[in-house]
Amino acid sequence: CKLRQLYFFPLQKTSSVGPSNADFPSGDPGMYQLDITLRRGQNLAARDRGGTSDPYVKFKLGGKEVFRSKTIHKNLNPVWEEKTCILIDNPREPLYIKVFDYDFGLQDDFIGSAFLNLASLELNRQTDVTLSLKDPHYPDHDLGNILLSVLLAPREEQREATMLMRKSWKRSSKFQTQSLRLSDLHRKSQLWRGIVSITLIEGRELKAMDANGLSDPYVKFRLGHQKYKSKIMPKTLNPQWREQFDFHLYEERGGIIDITVWDKDAGKKDDFIGRCQVDLSTLSKEQTHKLEMPLEEGEGCLVLLVTLTASAAVTISDLSVNSLEDPKEREEILKRYSPMRMFQNMKDVGFLQVKVIRAEALMAADVTGKSDPFCVVELNNDRLLTHTVYKNLNPEWNKIFTFNVKDIHSVLEVTVYDEDRDRSADFLGKVAIPLLSIQNGEQKAYVLKNKQLTGPTKGVIYLEIDVIFNAVKASVRTLMPKEQKYIEEENRLSKQLLLRNFIRMKRCVMVLINAAYYINSCFDWDSPPRSLAAFLLFLFVVWNFELYMIPLALLLLLAWNYFLIISGKDNRQHDTVVEDMLEDEEEEDDRDDKDSEKKGFMDKLYAIQEVCVSVQNILDEVASFGERIKNTFNWTVPFLSWLAIVALCVFTVILYFIPLRYIVLVWGINKFTKKLRSPYAIDNNELLDFLSRVPSDVQVVCIVFKLLNVSLTYDIMIF
């Protein structure tokens, strides 16, 4: 308390009229809105060797960071002029302001901090504030000042302003309405105003950081809190990345993207190669800019493509503002995605509207037996949040989210979290809904699942989803690469996942093996009627075969399966094996008995051993097959290479003079009649038999080693 009193400084106000905050109503969380303009800093402390600093500012409320400014390089009197909006649920809690000096590759240096006493502000009055920075360890040091402009207002007034904007929107034209609505929502909900698409093409003549005269470069991008990292290009000074990253713009004037290049070093700290910055305010929108950025504090340059796109792709509103319920808006949306506009803006595939209504019976994440739930709605890299409903297991959000659909095969993810101010949010549940499975206009209750979506957790969420899309655009987009999702959890080693994937692969391989056995049984005449029918079908198909028959056969197969489904004779088998594996994975965490744990551990150990042995044998077979082909052409065994030359000469002459159709007919007649002509003949594959005689690389090494041992033994005996 003494430390906080030390940092509460008198406020310099532009006006002193208005109600005092001494009469704040209690028990109404999220009731006030604090608009802050970070003006500038004065006489800040120098933290760099050159007698300057690279300052930036953080705002914290309740131990949680709510804002971070851009970095002003080499300046002790920085000018930010940055605005932010913070929702306040407890005005008596001070705002903690910290100033740091930014250091590339090192820990940022602390410059100073201060507290802003919100209880001393007047409601609905713009107030200029000057805060003196202090260091708790050195309270007598003068570390400079921070100048702010703050406005604290009840949130209800903002709601009234929003309703007025909505009414004026309904009276105005479509595009004016969208801009007003988006402007208000961006300010209140921190939605982005545009997208910065960066394509990292290449690096040129980068600095060599390794002893071999090369580097293993990768690039880091940062715009505010958004960070991306490129892949590592090993052993090159002219890397070719060809990667794309999308940043969200929250400010009209853009921002500055910090770009750093690093050399990857295994087992030690990565080496810094260089840095550069892209000032987005200098770039025109709706245009692609090719930039060659020379690296500061290093050598070489980066080649980038930067595109700024104004975004109306995402919005958030209350249930009272529903685009699809307004006949004019719905007609405009349907017209936008009608077949008549199939060739306009091919990237705009469709429109998605998600109503997040409420949740019931959520998990209690706090010690009080309650939760502070909020909801996150994600579609690829678009991510929107609802407000938090405090101390409630049955929250009602009643929010509408809209997205532009870029790929109709995307999956909508809705996740419920519990807000914790002193640490990261707790996971409560999640649902994943493919866009193609959505039934428009139906309110449904979705059971929340765990993070892996393998089993249910506690709670239900009610959603109403509508999707409108252009089928032609969606079809064209299907033939293009999928959008990469940059925010993904890192894959970890899992025994159950390894076993499950091995079983899946084994089942796919067994389908091919069983098909081969079935065909071979026709050659062996195990069932004479079936073999006779197969033989006649083979003759008919080969004699009349044309290339168009391949897609025709696949088309008939799809049509036949579709007929079975619509006629109720669906013979698709449910994946019971994988379901059992998922159940085992869920039950794995619920075993408490020591004996069952030991038994389960031994079962897992044997299962893992079996998988590893099988994978080992498969890898050996595949590698040996490739090495035998290579050794045939490398003259490892000259006799076999000469034999291959003779066979290839014969095949070349035959294929030159005889049409392929006749060759296939002769081969098939021979295969079908071989068992009839020689009932006890052993079936074989001549090509595989030939390759089995060619040694693999491992066998070659073993043969050479044995020959050396024999020679050495013979020499010793003679000696």
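These numbers come from a predicted model, not from an experiment. (Residues numbered from 1 in each chain as written. Predicted model: local features only at pLDDT ≥ 70, side-chain atom pairs only at ≥ 80, totals over all residues. Heavy atoms only, no water.)

A. Quick look at helix 8 (residues 549-566). With 18 residues, helix 8 should reach 26 Å at 1.5 Å per residue; the first-to-last C-alpha distance of 26 Å fits that figure. G568 sits one or two positions beyond helix 8 and adopts a positive phi of about 80°. (Helix = DSSP H or I, 4+ residues; strand = E, 2+ residues; numbered from the N terminus. Expected span 1.5 Å × (residues − 1).)

B. Structural context of the sheet that holds strand 13 (residues 256-263). Taken together, the four strands give an open sheet; going across it, the order is 11-10-13-14, and neighbouring strands pair in antiparallel fashion. A strand with exactly one partner marks an edge of an open sheet, and here the two such strands are strand 11 (226-229) and strand 14 (271-279). Mean inter-strand twist for the sheet, computed between neighbouring axes without regard to direction, equals 15°. (Pairing = 2+ DSSP bridges. Axes fitted to C-alpha atoms, helices over the stretch in contact; angles between N-to-C directions.)

C. Spotlight on the UniProt feature "transmembrane region" (unreviewed entry) in the protein. Following the UniProt record, the feature "transmembrane region" (unreviewed entry) maps to residues 532-563 and 637-658 here. From the first C-alpha to the last, residues 532-563 spans 28 Å; its make-up is 88% helix and 0% strand. Structurally, residues 637-658 comprises 91% helix and 0% strand, and the distance from its first C-alpha atom to its last is 31 Å. (UniProt positions renumbered as here; feature names shortened; annotations may be inferred.)

D. Fine view of the nonpolar core. If you look at the biggest cluster of nonpolar residues, it comprises 31 residues, and the most contacted ones within it are L34, F59, L95, I146 and L148. Counting residues per element, the ones that place at least two in this core are strand 1 (32-42), strand 2 (55-61), strand 4 (79-88), strand 5 (95-101), strand 6 (109-116), strand 7 (127-132) and strand 8 (145-154). Core analysis: the next-biggest nonpolar cluster, separate from the first, contains 30 residues, L362, F401, F403 and A474 among them. (Core = buried A, V, L, I, M, F, W, Y, C linked by side-chain atoms within 4.5 Å. Buried < 20%, exposed > 50% of the residue type's maximum accessible area, 1.4 Å probe, protein only.)

E. Spatial organisation of the packing of aromatic side chains. In this structure the tally under the stated criterion is 18 aromatic pairs. Look at F100 and F110: their rings are 5.8 Å apart centre to centre, the planes differ by 70°, and that puts the pair in the edge-to-face class. Linking F100 in strand 5 with F110 in strand 6, this pair joins segments that are 10 residues apart in sequence. Sitting above the plane of the F100 ring, K58 keeps its charged end 5.3 Å from the centroid. Cation over ring: K220 sits above W262, and NZ or CZ is 5.3 Å from the ring centre. (Phe/Tyr/Trp six-rings, centres within 6.5 Å; stacked < 30°, edge-to-face > 60°. Lys NZ or Arg CZ within 6 Å of the ring centre and 35° of its normal.)

F. Representation of the sheet that holds strand 4. Taken in spatial order, the four strands of this open sheet run 4-1-8-7, and their pairing is antiparallel. The open sheet has two edge strands, strand 4 and strand 7, and neither has a second partner. For this sheet the average axis-to-axis angle between neighbouring strands, irrespective of direction, equals 25°. The sheet contact formed by strand 7 and strand 8 spans six bridges and is antiparallel.

G. Region of the structure containing the pairing of strand 6. The buried count for strand 6 comes to six of eight residues, which makes it a mostly enclosed element. Note: strand 5 against strand 6, seven bridges, orientation antiparallel. The residue bridging V99 from the neighbouring strand is G112, located in strand 6.

H. Main features of the pairing of strand 1. As judged from the eight bridges shared by strand 1 and strand 4, these two strands associate in the antiparallel manner. Counted as the bridge partner of R40 is V79 from strand 4. As defined by bridge partners, strand 1 adjoins strand 8 across 10 bridges and the pair is classed as antiparallel. If you follow Q33 over to strand 8, its bridge partner there is A153.

I. Summary view of a positive patch on the surface. On the surface, a cluster of positive charge is contributed by K220, K227, K229 and K264. With respect to the element layout, K227 can be found in strand 11. Given the relative accessible area of 57%, K227 is considered exposed. (Patch = residues over 30% accessible without salt bridge, like charges linked within 9 Å, V, L, I, M, F, W, Y side chains within 5 Å. Areas by Shrake-Rupley, 256 points an atom, 1.4 Å probe, with all protein chains shown as cover. Salt bridge = Lys/Arg side-chain N within 4 Å of Asp/Glu carboxyl O. Lys, Arg positive; Asp, Glu negative; His and termini not counted. Charge placed at Lys NZ, Arg CZ, Asp CG, Glu CD.)

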